Amino acid sequence: MTYYSEHSKVWVSVDCIVFGFEDGKLKLLIGKRQMDPGRGEWSLYGGFVGAEESLEDAANRVLYNLTGLKKIYMKQVGAFGAIDRDPGERVITVAYCALINVKDYDDNLREKYGLQWVAPDKLPPLYSDHSTMVRKAITLLRKRISTEPLSFNLLPPLFTLTQLQKVYEAILGEEIDKRNFRKRIKAIDFIEKTELIDKTTSKRGAALYRFNKKLYDDDPTFKL
């Protein structure tokens, strides 16, 4: 028996908004569309949901193909279904925001797909409603950065407090008082100071810290 034959069919896709942190700035991964409509326009990277895939499965597949990385921080941003958003067909897309450490990303994959890291405030016009997706993703990050330890997804396993502060400033889009920030960070148990010193930034060097996920999982009450 055929169900729902009286209803029109629509296409469902996922689009991935991949953020990284480089040179003290938040960066976004974009590329030129390789298909019609919109071929050659700057765009996010995405794909259609397969018949045997959930939305998250499709997003994880797209992210893995794009970055070669698994277990990436990923959050759903929202669904976008304006009737005229895709001139090719009636397409509803679900956008996902992902955070990666740029140094973990195989640059050969970036070159293979013709992608570039671009600061959000330097973005060229993007295909369809992709600019709206990016704005909503940044709003989501700004709301969650004070209640989730998401900033560590953008940093290497060992980091300085200056690096951590710069991540917060990059996401929030504003400067943070250094003294107050460090005081609050040092009061958080799952941000651990190590015995290691980073001497690449100054002769004196800076203490290296790490995120202890087990401690966070044991007591995930977090607010900065």
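Predicted model, so just to flag it, every value in this text is computed and none were measured. (Residues numbered from 1 in each chain as written. Predicted model: local features only at pLDDT ≥ 70, side-chain atom pairs only at ≥ 80, totals over all residues. Heavy atoms only, no water.)

**Let's talk about the pairing of strand β1 (residues 11-22)**
Okay, step 1: Summarising burial for β1: 9 of the 12 residues are buried, a large majority.
Okay, step 2: In the sheet, β1 pairs with strand β6 (residues 91-99) via 9 bridges, with the strands oriented parallel. Residue pairing across strands places Ile17 opposite Cys97, the latter belonging to β6.
Okay, step 3: Here β1 runs beside strand β4 (residues 45-48); their pairing, made up of 4 bridges, is antiparallel. Residue pairing in the sheet places Asp15 in a bridge with Gly46 of β4.
Okay, step 4: Examined bridge by bridge, β1 and strand β2 (residues 25-32) share 4 bridges and lie antiparallel to one another. From the neighbouring strand, Glu22 faces β2, where its bridge partner is Lys25.
Okay, step 5: In sequence, β1 turns back onto β2 through a hairpin of 2 residues, with Asp23 there showing a positive phi of about 55°. (Buried < 20%, exposed > 50% of the residue type's maximum accessible area, 1.4 Å probe, protein only. Helix = DSSP H or I, 4+ residues; strand = E, 2+ residues; numbered from the N terminus. Pairing = 2+ DSSP bridges.)

**A few points about the packing of helix α4 (residues 161-172) against helix α5 (residues 178-186)**
Okay, step 1: Contact geometry of α4 with α5 gives a least axis separation of 11 Å together with a crossing angle of 110°. Taken together, the axis directions place α4 and α5 in an arrangement best described as roughly perpendicular. On the side of α4, the interface is formed by Leu161, Thr162, Leu164, Gln165 and Tyr168, while α5 contributes Lys178, Phe181, Arg182, Ile185 and Lys186.
Okay, step 2: The residue inventory of the contact of α4 with α5, partitioned by class, reads 5 nonpolar, 2 polar and 3 charged. (Axes fitted to C-alpha atoms, helices over the stretch in contact; angles between N-to-C directions. Parallel < 35°, antiparallel > 145°, perpendicular 65-115°, else oblique. Contact = heavy atoms within 4.5 Å. Nonpolar A, V, L, I, M, F, W, Y, C, P; charged D, E, K, R; others polar.)

**A look at the pattern of salt bridges**
A side chain of one charge can pair with a side chain of the opposite charge when the charged atoms of the two come close.
Okay, step 1: Counted according to the given criterion, the structure contains 10 salt bridges.
Okay, step 2: One salt bridge in this structure joins Asp36 and Arg39, with 3.4 Å as the shortest N-O distance. Summarising the burial analysis for this pair, Asp36 and Arg39 share the class exposed.
Okay, step 3: When the shortest N-O distance is used, the salt bridge between Asp107 and Arg110 registers 2.7 Å. Placement of the pair is Asp107 and Arg110 together in helix α2 (residues 107-112), with a separation of 3 residues, close to one helical turn.
Okay, step 4: Classification of Arg110 as buried rests on a relative accessible area of 18%. (Salt bridge = Lys/Arg side-chain N within 4 Å of Asp/Glu carboxyl O.)

**Quick notes on the environment of Gly38**
Okay, step 1: Along the chain, Gly38 falls in the loop between β2 and β3 (42-43).
Okay, step 2: Along the sequence, Gly38 and Tyr127 sit 89 residues apart, while their C-alpha atoms lie 6.8 Å from each other.
Okay, step 3: Ignoring sequence-local partners within four residues, the contact set of Gly38 consists of Arg33 and Tyr127.

**Description of helix α1 (residues 55-67)**
Okay, step 1: Given a rise of 1.5 Å per residue, 13 residues ought to cover 18 Å, and the 18 Å separating the end C-alpha atoms of α1 matches this to within 8%.
Okay, step 2: Note on α1: the residue one or two positions beyond its end, Gly68, has a positive phi of about 75°. (Expected span 1.5 Å × (residues − 1).)

**Side note on the side chain of Asp15**
Okay, step 1: Along the chain, the position of Asp15 falls in strand β1.
Okay, step 2: We note that Asp15 is buried and unpaired, the nearest opposite charge coming from Arg85 at a distance of 4.2 Å.
Okay, step 3: Once residues within four sequence positions are removed from consideration, Asp15 is found in contact with Tyr45, Gly46, Arg85, Thr93, Val94, Ala95, Tyr96, His130 and Met133. (Lys, Arg positive; Asp, Glu negative; His and termini not counted.)

**Looking at unusual backbone geometry**
Okay, step 1: Here the residue pair Asp36 and Pro37 is connected by a cis peptide bond, since its omega of -5° sits within 30 degrees of zero.
Okay, step 2: Among the secondary structure elements, Pro37 is positioned in the loop between β2 and β3.
Okay, step 3: One non-glycine residue, Ser128, adopts positive backbone phi at about 50°.
Okay, step 4: Assignment of secondary structure puts Ser128 in the loop between β7 (115-118) and α3 (130-144).

**Describing the nonpolar core**
Okay, step 1: Ile17, Phe19, Leu164 and Ile191 are the most contacted members of the largest nonpolar core, which totals 42 residues.
Okay, step 2: The set of elements that each furnish at least two residues to this core consists of β1, β2, β5 (73-80), β6, α3, α4 and α5.
Okay, step 3: The element best represented in this core is α3, accounting for 6 residues.
Okay, step 4: In this structure Leu164 touches Ser151, Phe152, Leu155, Phe159, Phe181, Ile185 and Ile191, once residues within four positions along its chain are discounted.
Okay, step 5: One finds Leu66, Leu69, Val102 and Leu109 within the second-largest nonpolar core, a separate group that totals 21 residues. (Core = buried A, V, L, I, M, F, W, Y, C linked by side-chain atoms within 4.5 Å.)

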